[in-house]
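Fold and contact review
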Amino acid sequence: MLQTIRNIIFWTVDYSTGNKKRNHLQDITAILSTDSIAVSSQKKQRYLQQLLTHAIQTVSYYSGMTPTLTELPVTNKNLIRTNFEQFESNTYKNKPKIKVATSGSTGTPFQTYQNNNKSIRNTADTLYFWKKATFSVGNKLYFFRLWKAFERKSPLTQLLQNIVPVDVFDLTDAYIKTLITDIQNSNEKTCLLGYVSAFEKIARYLDRVMPDYRINSVTAVITISEKLDPYTKKAIKKYFGVAPISRYSNIENGIIAQQPTGKSHFEINEASYHVEILDITTDQPVPYGTLGRIVVTDLFNYAVPMIRYDTGDLGVMEIVKNKKTLTHIEGRQIDTIYNTAGEIIRFNLVFIINKYPELHQCQIIQEDIYTYTLKLNHPTPYHREQELIEELKIYIGADAIITPSYTDEIPLLASGKRRFMVNNMTRQKATLKNTEATTVLQ
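Attention here is on the structure that accompanies the text.

Rules used throughout
Residues numbered from 1 in each chain as written. Predicted model: local features only at pLDDT ≥ 70, side-chain atom pairs only at ≥ 80, totals over all residues. Heavy atoms only, no water. Pairing = 2+ DSSP bridges. Helix = DSSP H or I, 4+ residues; strand = E, 2+ residues; numbered from the N terminus. Axes fitted to C-alpha atoms, helices over the stretch in contact; angles between N-to-C directions. Contact = heavy atoms within 4.5 Å. Parallel < 35°, antiparallel > 145°, perpendicular 65-115°, else oblique. Left-handed = near helix turned anticlockwise from the far one by under 90°. Buried < 20%, exposed > 50% of the residue type's maximum accessible area, 1.4 Å probe, protein only. Right-handed = clockwise from strand over helix to strand, strands pointing away. Nonpolar A, V, L, I, M, F, W, Y, C, P; charged D, E, K, R; others polar. Phe/Tyr/Trp six-rings, centres within 6.5 Å; stacked < 30°, edge-to-face > 60°. Core = buried A, V, L, I, M, F, W, Y, C linked by side-chain atoms within 4.5 Å. Patch = residues over 30% accessible without salt bridge, like charges linked within 9 Å, V, L, I, M, F, W, Y side chains within 5 Å. Areas by Shrake-Rupley, 256 points an atom, 1.4 Å probe, with all protein chains shown as cover. Salt bridge = Lys/Arg side-chain N within 4 Å of Asp/Glu carboxyl O.

Examining the sheet that holds strand S14 (residues 361–366)
The four strands lie next to each other as S16-S15-S14-S17, forming an open sheet whose pairing is mixed. Each end of this open sheet is capped by a strand with a single partner; those strands are strand S16 (401–406) and strand S17 (421–423). This sheet shows a mean twist of 20° between the axes of neighbouring strands, independent of strand direction. In this structure, strand S15 (residues 371–377) lies alongside S16, joined through six bridges in parallel fashion. Note on S16: the bridge partner recorded for Tyr-372 is Ile-402. Along the sheet face, helix H11 (residues 385–396) touches S14, S15 and S16 and points at about 140° away from the line of S16.

Written as structure tokens, this is what we have:
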């Protein structure tokens, strides 16, 4: 009953404000579900051309350029941040906007703005892809995230949206036991959304404590931010009774692609984004089936147009049933690092950097069980250096020795990506291999 009431309230509010979300949702559905490729392509091309024309007329960075996508330069976080005023649309500079902040895939803090229509489009995208995963507005949602790095939703919003925020840092054995009991006893349709590392930790707890346990109230599990590995995929199916769905998204844009139920490829959200795969070292497109950089043009952000935006991820594009799909995605690359108690840190600390937008780049390196180096790309000694170190100690350990080191650039790997978490603790890594240490190494 409560689920139905929440659903009615959501759409009633939307109706009273002009059916904006419903209209966007219908548009997305028409583009992504249509049997007419020609009709869909015409609409997408119109959205793209409107965006390019807007950018060239109102954004100083694009002034005088030709409104042809392939003739425009590829952008990235550092370029936009360094020249931010040049990327802001004059039309929206003095209008209300929504600020979004992200640490990205490489420890590079970044914040930008979205106009109201873009924010509504993101909500509609979410509604569309939730429905594809058999979830609808009003269903109960457990959201696994490093919530301390993001703005937490207010209690009223949590109640109205039926969201239960779960901070992945709180996933102790005792908390997991309480959590799975709460999920199991829920009399509502329930969905789980969150980092792969969170689901892995829950699965390994169940492996150890309750290997025969089954949770029957979950209708969908969607993983974000990290690559879904075979163990976690199999464990989710075993314990929650549903095949997990992996979603490819980022904070600064939104949902770029999502796996259809039971499939391994990702359907691209072409209703809201134009996606290219470019060569790792040049800005030239690569053939279908070839690994390259995932470059996105956001069709609806008019406040700060993100055109040919390098996401920092790598992927392979192929055509599946006449649709562009991503058949392979390589996201952020990290090493496994340990806290000072010798326990694996299962989530990516990169999310903490969301709150430090002044930094150009950041990297945490474990040198020994107690010793870490914090590489900072910043032109002068960073005024929030100690604040960042103290926050990292919350997760790494109060007795951690974290030494800052300033650099002009954190180098890329041969793959073209940059790691945020690095482990140089070779001897300890060999000792800890395939185990979760519970005692400090000597």
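Focus on the packing of helix H2 (residues 20–33) against helix H6 (residues 116–132)
It is the contact of H2 with H6, at a shortest axis distance of 8 Å, that shows an interaxial angle of 60°. As far as their axial angle goes, H6 and H2 are oblique. The two elements H2 and H6 cross, and the hand of that crossing is right-handed. Taken together, the residues of H6 that come into contact with H2 (itself represented by Lys-20, Lys-21, His-24, Leu-25, Asp-27, Ile-28, Thr-29, Ile-31, Leu-32 and Ser-33) are Asn-116, Asn-117, Ile-120, Arg-121, Thr-123, Ala-124, Asp-125, Leu-127, Tyr-128 and Phe-129.

A short note on the pairing of S15
Most of S15 is tucked away, with five of its seven residues classed as buried. Across six bridges, the pairing between S14 and S15 is antiparallel. Residue pairing in the sheet places Cys-362 in a bridge with Leu-376 of S15. Between S14 and S15, which pair antiparallel and follow one another directly, the connecting turn spans four residues. Handedness of the crossover joining S15 and S16 through H11 is recorded here as right-handed.

Overview of the packing of helix H8 (residues 173–184) against helix H9 (residues 196–209)
At a closest axis distance of 10 Å, the pairing of H8 and H9 adopts a crossing angle of 90°. What the angle tells us is that H8 and H9 run roughly perpendicular. Between H8 and H9, the contacting residues are Asp-173, Ile-176, Lys-177, Leu-179 and Ile-180 on the first element and Lys-201, Ile-202, Tyr-205, Leu-206 and Arg-208 on the second. The class makeup of the residues in the contact of H8 with H9 is six nonpolar, no polar and four charged.

Structural notes on the sheet that holds strand S9 (residues 266–268)
Strand order in the open sheet formed by 11 strands is S4-S3-S5-S6-S7-S8-S9-S13-S12-S11-S10, and the pairing between neighbours is mixed. Where the open sheet ends on each side, the last strands, each with one partner, are strand S4 (163–167) and strand S10 (273–278). Ignoring which end each strand starts from, the neighbouring axes of this sheet average 35° apart. The sheet contact formed by strand S6 (residues 218–224) and strand S7 (residues 245–249) spans two bridges and is parallel. In the sheet register, Thr-223 faces S7, and the bridge partner there is Ser-246. Sheet strands touched by H6: strand S3 (140–145), strand S5 (190–195), S6, S7, strand S8 (255–258), S9, S10 and strand S11 (292–298). Its angle to S8, the strand with the most contacts, is close to 10°.

Section: the packing of aromatic side chains
Evaluation of the coordinates by the stated rule reveals 11 aromatic pairs. Relative to Tyr-309, the ring of Phe-110 has its centre 6.3 Å away and its plane inclined at 25°; by these criteria the two rings are stacked. Pair noted here: Phe-110 is in strand S2 (residues 110–114) and Tyr-309 is in strand S12 (residues 309–320), with a separation of 199 residues, a long-range link. Classification of Phe-110 as buried rests on a relative accessible area of 2%.

Section: the nonpolar core
Membership of the largest hydrophobic core comes to 65 residues, with the highest contact counts inside it found for Phe-144, Phe-240, Leu-349, Ile-364 and Leu-388. Other than its neighbours up to four places away in sequence, Phe-144 contacts Val-166, Val-168, Leu-171, Leu-179, Leu-192, Leu-193, Gly-194, Tyr-195, Ala-198, Phe-199 and Ile-202. Counting residues in hydrophobic clusters, the runner-up holds 36 residues, among them Tyr-47, Phe-87, Ala-124 and Leu-127.

Details of a nonpolar patch on the surface
Taken together, the side chains of Ile-5, Ile-9 and Val-13 present a nonpolar region at the surface, about 230 Å² in accessible area. As for its placement among the helices and strands, Ile-9 is situated in helix H1 (residues 2–16).

Re unusual backbone geometry
Of note, Asn-19 is a non-glycine position whose phi angle comes to about 60°, a positive value. The residue Arg-308 is not glycine, and still its phi comes out positive at about 50°. You can see Arg-308 is positioned in the loop between S11 and S12. Given a relative accessible area of 4%, Arg-308 falls into the buried group.

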